[in-house]
Amino acid sequence: ACCSYRLRDALHPLWQSPLTIPGGTRQSPINIQWRDSVYDPFLKPLKISYDPTTCLHIWNNGYSFLVEFDDSTDRSIIVGGPLENQYRLKQFHFHWGAINDWGSEHTVDSKFYPAELHLVHWNAVEYPTFEEAVMEGNGLAVIGVFLKLGARHEGLQTLVDALPAVKHKDTVIEFDVFDPSCLLPSCPDYWTYAGSLTTPPLTESVTWIIKKKPIEVDEDQLEAFRMLLFTSDGEEEKRMVDNFRPLQPLMDRTVRSSFQ
Ligand SMILES: NS(=O)(=O)c1ccc(C(=O)NCc2cccc(F)c2F)cc1
Ligand SMILES: [Zn+2]
């Protein structure tokens, strides 16, 4: 069931820029057609090493809520997989729907999940700042993890407990120890493809690594995401829901899988 993409949402402040980048050839998100993905035996296992003490704060940026990390050193990094270099963790955030029928950005065989986690990393080996890496074809690596309705996720709950404190746009709270690897499925399998940021500036700088297995969260945890607001304190309240970009054309791209 595709989402009823209400005009109001398409005109949401964030979408004032074009929904499609003129001349874009590697835009995200995309539908991952499982049977069209190509097993690549040369793909390495993805190696993830996060230092929980690099966690800084949670903030509501008016589009999602982000957990930001100290990326001034190589203490939280990923390496291997499809990546030529190691990439530093900068932040993670989520995309979700108003109801459980949709919310993810990527789909698998046209199936939406109720939410999707993005762990955003940048190539600090080749570029001096995140802002510069965002402009380069191999500048970013984002791990995508699907969330599905099921058992309560204890690791996520520490995040959920903090959300009321960042209900309004531009609110922030300190969050000083969190290990985001608790949000990753144990299965190592992933798909990978060359794509873009899914919010403006939509730059084509992301190596996407989409985990095959979802993590399970319960209804109360998804509802906690939905009580956040797009709007600042004092403005007319707009619930933060359906903060996902529409699917983009695959064009001349192949999605590779790390598994057969
Ligand atoms: N949903 S996602 O994972 O594809 C995604 C990841 C990161 C960003 C981001 O950092 N935006 C701010 C931004 C953008 C460009 C340059 C910047 F310096 C910057 F902070 C946007 C989308
Ligand atoms: Zn995202």
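In this text, all values refer to a predicted model and were calculated from it rather than measured experimentally.

Participant: Please clarify how the coordination of the zinc ion (ligand 2) should be interpreted in this entry.
Facilitator: Note on the zinc ion (ligand 2): its protein donors are His93 (NE2), His95 (NE2) and His118 (ND1). The metal-donor distances range over 2.0 Å. What the four donor atoms of the zinc ion (ligand 2) show is an angle range of 97 to 118° at the metal, which sorts the shape as tetrahedral. The sequence pattern describing where the donors of the zinc ion (ligand 2) fall on their chain is H-x1-H-x22-H. Here His93, found in strand S7 (residues 87-96), pairs with His118, found in strand S9 (residues 115-122); they are 25 residues apart in sequence, far enough to count as distant. Residue classification places His93 among the buried positions, given a relative accessible area of 11%. In this structure His118 comes out as buried when scored by relative accessible area, which is 1%.

Participant: Just to check I follow, could you spell out the site of ligand 1 for this structure?
Facilitator: The full set close to ligand 1 counts 15 residues, and His93, Phe130, Glu131, Thr198 and Thr199 are the nearest of them. A distance of 3.3 Å is found between a nitrogen atom of ligand 1 and a side-chain nitrogen or oxygen belonging to His95. In the complex, the protein chains occlude 78% of the 500 Å² of accessible area that ligand 1 would expose alone. Elements with a contribution of two residues or more to the shell around ligand 1: S7, S9 and helix H2 (130-133).

What counts as what
Residues numbered from 1 in each chain as written. Chains lettered and ligands numbered in written order. Predicted model: local features only at pLDDT ≥ 70, side-chain atom pairs only at ≥ 80, totals over all residues. Heavy atoms only, no water. Donors = N, O, S within 2.8 Å, 3.2 Å for Na, K, Ca; no water. Tetrahedral: all angles 85-135°; square planar, octahedral: opposite > 155°, others 65-115°. Helix = DSSP H or I, 4+ residues; strand = E, 2+ residues; numbered from the N terminus. Buried < 20%, exposed > 50% of the residue type's maximum accessible area, 1.4 Å probe, protein only. Near = heavy atom within 4 Å. Polar contact = N/O pair within 3.5 Å; in protein donor to acceptor, adjacent residues only side chain to side chain. Areas by Shrake-Rupley, 256 points an atom, 1.4 Å probe, with all protein chains shown as cover.

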